[in-house]
Amino acid sequence: MKKNLVVIGYGGMGGWHTEKALKSDVVNLRGIYDIKAERRELARSRGIFAYDSFDAVLSDPEVDLVTVAIPNDAHPEVVIRALEAGKNAICEKPVAITSAELQTMIDAAHRSGKLFTVHQNRRWDVDFLAMKQLMKTGEIGELIRVESRIHGSRGIPSDWRGKKAYGGGMLYDWGVHLIDQILQLIDEKVRYVYCTLENITNDEVDDGFRLEITFESGKTAYVEVGTLNFIAMPRFYMKCKSGTALISDWREKTKVVRCKYWHESDVLPVETAAGLTKTMAPRDDVTTDTYELERPASDVHDFYRNVCRAIDGLEPQLVTHEQVMRVLKLIEAAFRSAETGARVDFE
């Protein structure tokens, strides 16, 4: 049976959730609520029911599930009220500005016995799924390092995302996604993190960052977000013991170079502008295979399918409290590193 869903907040992501709900096979869009009257009227003009108050949402016995898509600082209060009213709750990311706030939300979920999860939708991005699939097959060997980047050139949107009080900035906005992806790829304890922030177009919050994560085994991950990059660097770069993989852009296939034979009988030196090099001589197709991987299939509706099945006790929720807390605590460690200019021990 479909779950009746109300979307709280009818802005950018709230509009996205309503559109997906209208096409969903597991939820029925019961309506929306937004504190702004003009957004409620906009929904009504599109044939979508709009509640006049949040209290009206909470008192509606037909509502099974709410999705909270409002500014970050307002998440805890709204989610907790929904859980205490007996509604299951999905929250947009970042779920909270501090891990302490997140803990109050988790505690409310435990008290209420209702499902609470976070919309980590970028677990369904095809570029991430391609990296995950490549690691699972092991075709280029054990992972050494993975680099994940998102580059744009338009700065931070001129809304609450540029305000510190609302939990703005790129470490919260995009970092929460990319860090979650990295922690899905590398299932190990994190030894320490080192982070630097950029404030090029915005002095109040970071408009970019560079984050180095070192894991227990020595594997490393590099996460970078930039909003003033007019030439973007590759989306993913994965270095493994038997090859390398690269995704230049999220719309592109994965390029893989796999090493077949380590040694060559006769490596000819390459002449560079300033001399010869044998160490950096390129490999040929005798010792390597070069190929592309097809883009994996992905369906963003799988998130809501999992939530609804988890509500019914048919499967565990994919985005767990522990995973969400770990990401947020790593973000807090990254901020401490940026403030002190030193690496920060973690776990």
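In this report, the structure presented in the accompanying data block is examined. Just so you know, these numbers come straight off a predicted model, no measurement behind them.

Observations regarding the pattern of salt bridges
According to the stated counting rule, one finds 29 salt bridges in the structure shown. The partner of Arg 30 in a salt bridge is Asp 60, and the shortest N-O contact between them spans 3.1 Å. Here the residue Arg 30 occupies a position in strand β2 (residues 27–33), and Asp 60 occupies one in the loop between α3 (54–59) and β3 (65–68), the gap between them amounting to 30 residues. What makes Arg 30 partly exposed here is its relative accessible area of 31%. A relative accessible area of 11% places Asp 60 in the buried class. Linking Arg 251 and Asp 249 is a salt bridge whose minimum nitrogen-to-oxygen distance equals 2.8 Å. Among the residues examined, Arg 251 registers a relative accessible area of 53% and is labelled exposed.

Focus: the sheet that holds strand β10 (residues 236–240)
On the basis of which strands lie adjacent, the open sheet formed by 9 strands has the order β15-β12-β11-β10-β6-β9-β8-β7-β16 and mixed pairing. Looking at the sheet topology across the chains shown, the edges are occupied by β15 (288–293) and β16 (344–345). Of the pairings in the sheet, the one linking β10 to strand β11 (residues 243–247) comprises 5 bridges and is antiparallel in character. Paired with Met 238 across the bridge in β11 is Ala 245. Sheet strands in contact with helix α6 (residues 126–137) are β6 (143–151), β10, β11, β12 (254–259) and β15, and its direction is about 10 degrees off that of β10.

Considering empty space enclosed by the protein
Inspection of the entire model under this criterion finds 2 cavities of 30 Å³ or more. Lining the largest cavity, in full, are Lys 93, Pro 94, Val 95, Val 118, Gln 120, Val 176, Val 324, Val 327 and Leu 328. Counting residues per element, the lining of the largest cavity draws most heavily on helix α10 (residues 321–340), at 3 residues. In the lining of the largest cavity, the residues fall into 7 nonpolar, 1 polar and 1 charged. Approximately 40 Å³ is the volume attributed to the second largest cavity.

Brief notes about the layout of surface pockets
Empty space within the largest pocket amounts to approximately 890 Å³. At the level of secondary structure, the elements contributing two or more residues to the lining of the largest pocket comprise α1 (12–22) and α4 (75–84). Of all the elements, α1 adds the most residues to the lining of the largest pocket, at 4 residues. Along the lines of polarity and charge, the residues of the lining of the largest pocket split into 16 nonpolar, 8 polar and 10 charged. Approximately 590 Å³ is the volume found for the second largest pocket. Those elements giving two or more residues to the lining of the second largest pocket turn out to be α6, β6, α7 (170–173), α8 (175–185) and β9 (220–226). Sorting elements by how many residues they give to the lining of the second largest pocket places β6 first, with 3 residues. Residue composition of the lining of the second largest pocket, grouped by class: 12 nonpolar, 9 polar and 9 charged.

Some thoughts on the nonpolar core
The biggest cluster of nonpolar side chains holds 98 residues, and the ones touching the most others in it are Leu 102, Phe 116, Leu 211 and Ile 213. With residues up to four places along the chain from it excluded, the contact list for Phe 116 reads Val 79, Leu 83, Ala 89, Cys 91, Val 95, Leu 102, Met 105, Ile 106, Ala 109, Gln 317 and His 321.

Focus on the pairing of strand β4 (residues 88–91)
Burial of β4 is two-sided: the residues Asn 88 and Ile 90 facing one way and the residues Ala 89 and Cys 91 facing the other way are all buried. Relative to β4, β3 is paired through 4 bridges, and the arrangement is parallel. Across the sheet, Leu 65 pairs through a bridge with Asn 88, a residue of β4. Between β3 and its parallel partner β4, the chain crosses via α4, and the hand of that crossover is right-handed.

What to know about the pairing of β6
Among the 9 residues of β6, 8 are classified as buried, and the element is accordingly described as predominantly covered. With 5 bridges joining them, β6 and β10 adopt antiparallel strand pairing. When the sheet's bridge partners are listed, Leu 143 is paired in β10 with Cys 240. The sheet contact formed by β6 and β9 spans 7 bridges and is parallel.

Scoring rules and cut-offs
Residues numbered from 1 in each chain as written. Predicted model: local features only at pLDDT ≥ 70, side-chain atom pairs only at ≥ 80, totals over all residues. Heavy atoms only, no water. Salt bridge = Lys/Arg side-chain N within 4 Å of Asp/Glu carboxyl O. Helix = DSSP H or I, 4+ residues; strand = E, 2+ residues; numbered from the N terminus. Buried < 20%, exposed > 50% of the residue type's maximum accessible area, 1.4 Å probe, protein only. Pairing = 2+ DSSP bridges. Contact = heavy atoms within 4.5 Å. Axes fitted to C-alpha atoms, helices over the stretch in contact; angles between N-to-C directions. 1 Å grid on protein atoms, 1.4 Å probe; cavity = no way out; pocket = protein on both sides within 12 Å on 5 of 7 lines; lining within 4 Å. Points joined across faces, edges and corners; volume = space filled by probe spheres on them. Nonpolar A, V, L, I, M, F, W, Y, C, P; charged D, E, K, R; others polar. Core = buried A, V, L, I, M, F, W, Y, C linked by side-chain atoms within 4.5 Å. Right-handed = clockwise from strand over helix to strand, strands pointing away.

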